[in-house]
Amino acid sequence: MEKCLVCSHEFTRDGNRCPKCQWPIGFASITRDPRTDADVVNWAAMMYKKLIKMYEQQQVVSNFQPEPAPSQNQSQTDISALETRVQQLTTELHTFNGSYIQERHRCNRKIDELTKEVELFKEIIQINQDSTEKIANLERQYREIIQRLVAQSSPPVSQPSLIVRNEPIQSEPVQPISFPVFESIPEQIQPPEIKAPISPAERDLLDCYNRFASISEAIRKDATDVSIDQDALNRLRDGDTSQLIFVIDQKGSFLVVRRDGYQYLVPNKKTPINSLIHKTIKSIYTCEGYHENYEQLTLVRPALVEEVAIDRWKLGQKGVLKFK
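Here's a quick rundown of the structure. Keep in mind that what you see is a predicted model, and the values were worked out from it rather than measured. (Residues numbered from 1 in each chain as written. Predicted model: local features only at pLDDT ≥ 70, side-chain atom pairs only at ≥ 80, totals over all residues. Heavy atoms only, no water.)

## Describing the nonpolar core
Condition: The set of buried Ala, Val, Leu, Ile, Met, Phe, Trp, Tyr and Cys residues whose side-chain atoms join them within 4.5 Å is what this entry labels a nonpolar core. Partly exposed describes any residue whose relative accessible area lies between the buried limit of under 20% and the exposed limit of over 50%, with all areas from a 1.4 Å probe on protein chains only and scaled to the type maximum. What makes two residues a contact is simply this: any of their non-hydrogen atoms within 4.5 Å.
Counting residues in hydrophobic clusters, the biggest one holds 37 residues, and the most contacted among them are F246, F254, L265, I284 and Y285. Excluding residues within four positions of it along the chain, F246 makes contact with V226, S227, I228, D229, F254, L265, I284, V305, D311, R312, W313 and L315. Counting twelve residues, the second largest nonpolar core, distinct from the first, contains C4, C18, W43 and M47.

## Considerations on the sheet that holds strand β6 (residues 262-267)
Stated formally: Strand pairing follows a simple DSSP-based rule, namely that at least 2 bridges must link the two strands. What counts as a helix is a DSSP run of H or I of at least four residues, what counts as a strand is a run of E of at least two, and both are numbered from the N terminus. The angle between two axes is taken between their N-to-C directions and runs from 0 to 180 degrees, where each axis is a line fitted to C-alpha atoms and a helix contributes only its stretch in contact.
Spatial strand order, β3-β4-β10-β9-β6-β5: six strands in a closed barrel with antiparallel pairing. Direction aside, neighbouring strands of the sheet carry axes that sit 45° apart on average. Here three bridges tie strand β3 (residues 223-228) to strand β4 (residues 245-248), and the two strands are oriented antiparallel to one another. Paired with I228 across the two strands is F246, which belongs to β4. Taken strand by strand, helix α6 (residues 230-237) contacts β3 and β4, and its axis lies near 45° from that of β3.

## Considerations on the environment of I248
Looking at where I248 falls in the secondary structure, it is placed in strand β4. With 62 residues separating them in the primary sequence, I248 and I310 have C-alpha atoms 9.9 Å apart. Among all residues touching I248, those that are not within four sequence positions of it are T224, D225, V226, D311 and W313.

## Focus: the pairing of strand β7 (residues 285-288)
Residue alternation in β7 divides its side chains into two sets, Y285 and C287 and T286 and E288, and both sets are buried. Across four bridges, the pairing between β7 and strand β11 (residues 319-323) is parallel. When the sheet's bridge partners are listed, C287 is paired in β11 with L321.

## Describing the pattern of salt bridges
Threshold: Any carboxyl oxygen of Asp or Glu that lies within 4 Å of a side-chain nitrogen of Lys or Arg is treated as forming a salt bridge with it.
Applying the stated criterion across every chain, the model contains eight salt bridges. Among the salt bridges present, the one from D225 reaches R220, with a minimum N-O distance of 3.0 Å. Taking relative accessible area as the criterion, D225 reaches 14% and is therefore assigned buried. A residue is classified by how much of its surface remains accessible, and R220, at 30% relative accessible area, is partly exposed. D229 is the partner of R312 in a salt bridge, and the nearest nitrogen-oxygen pair spans 3.7 Å. Residue R312 is located in strand β10 (residues 312-317), and its partner D229 is located in the loop between β3 and α6; the two are separated by 83 residues in the primary sequence. Take D229: its relative accessible area is 12%, and that puts it in the buried class.

## Some words on α6
At 3.6 residues per turn, the α-helix brings residues three or four places apart onto the same side. Defined as follows: The arc in question is the one traced by the directions running from the helix axis out to the C-beta atoms. Think of a polar contact as two N or O atoms within 3.5 Å of one another; within protein, one of them needs to be a possible hydrogen donor and the other a possible acceptor, and neighboring residues in sequence only count if both atoms come from side chains.
Considered for burial, the residues of α6 that qualify are A232, L233 and L236. All buried residues of α6 lie within an arc of 105° about the axis, which places them on one face of the element. In the core, the buried residues of α6 are packed alongside β3, β4 and α7 (275-281). Measuring from the backbone nitrogen of D231 back to the side-chain oxygen at the start of α6 gives 3.1 Å, which picks out D229 as the cap. Positive backbone phi, approximately 85°, marks G239, located one or two places after α6.

## Examining the pairing of β6
Of all six residues that make up β6, five are buried, and the element is covered over most of its length. The sheet contact formed by strand β5 (residues 254-259) and β6 spans six bridges and is antiparallel. Bridge pairing links R258 to Q263 in β6. Taking the residues between adjacent antiparallel strands as the criterion, β5 and β6 are bridged by two residues, where D260 takes a positive phi near 55°. Examined bridge by bridge, β6 and strand β9 (residues 303-309) share two bridges and lie antiparallel to one another. If you follow Y264 over to β9, its bridge partner there is L304.

What follows is the structure, encoded as structure tokens:
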């Protein structure tokens, strides 16, 4: 059951108006509806017309009956109370209508602001798409240039192996740790060359590595000593260089250095790279200008490895070494 705000009549919610005084139901609800506001205005106008009509009738009756009966006094009291209630409702209606107009203006301003933000985001997205296409074109051109430069600067592969075959076996030095002695390593499937641009972290690693004769503390603190896994060495003897695995070794000839989310592989610098070691090194790095009596070693690009298991890394991309 609901109670009418005007006549206090209790009724069931079967329609949109009070069955006794026709007051629109839902006027005092939180959710404002312009149609309900219009119904309230029409109701107020209807009640005002009835009030005027009642005044006119009262005026006619007073002309014929100077002394009003007790029932007429009661009617005047009811009319005065009804008029007061109408004035109150009219005041509330104006208040609600003002609040509704202010809320509507606020929503309109918010819609305008959101529309401007959407347009701005559309412009930003379009600019980002254009920039992405430009970057992709520049990267493609960069890769093409690097491929041409590597193809032009790579030394012939057969030259080191021919020198090794002509050397007497008795004159070969003692084999260093982690580097096997091979007759020759045929060039089969090699890990891809590094084609990505040099990142700031990689450039910092190259600077620290090439600046000192030994491994600096700045590199050592983020590095792990590793060597080639024995199974990978056995595959190298058979000429298979496609799966090079590295494991932790305190006396290893390589270092895995972690920088900026990547894991780089660099030579340990503790053992000179002679012709025998070069047979293993060339499976991991492109060796530019190598000869056994070199005086200077420069790390041009470190090799990239990825951790395939705990304390096990696989060669992902070859690096570049330069000899003078």
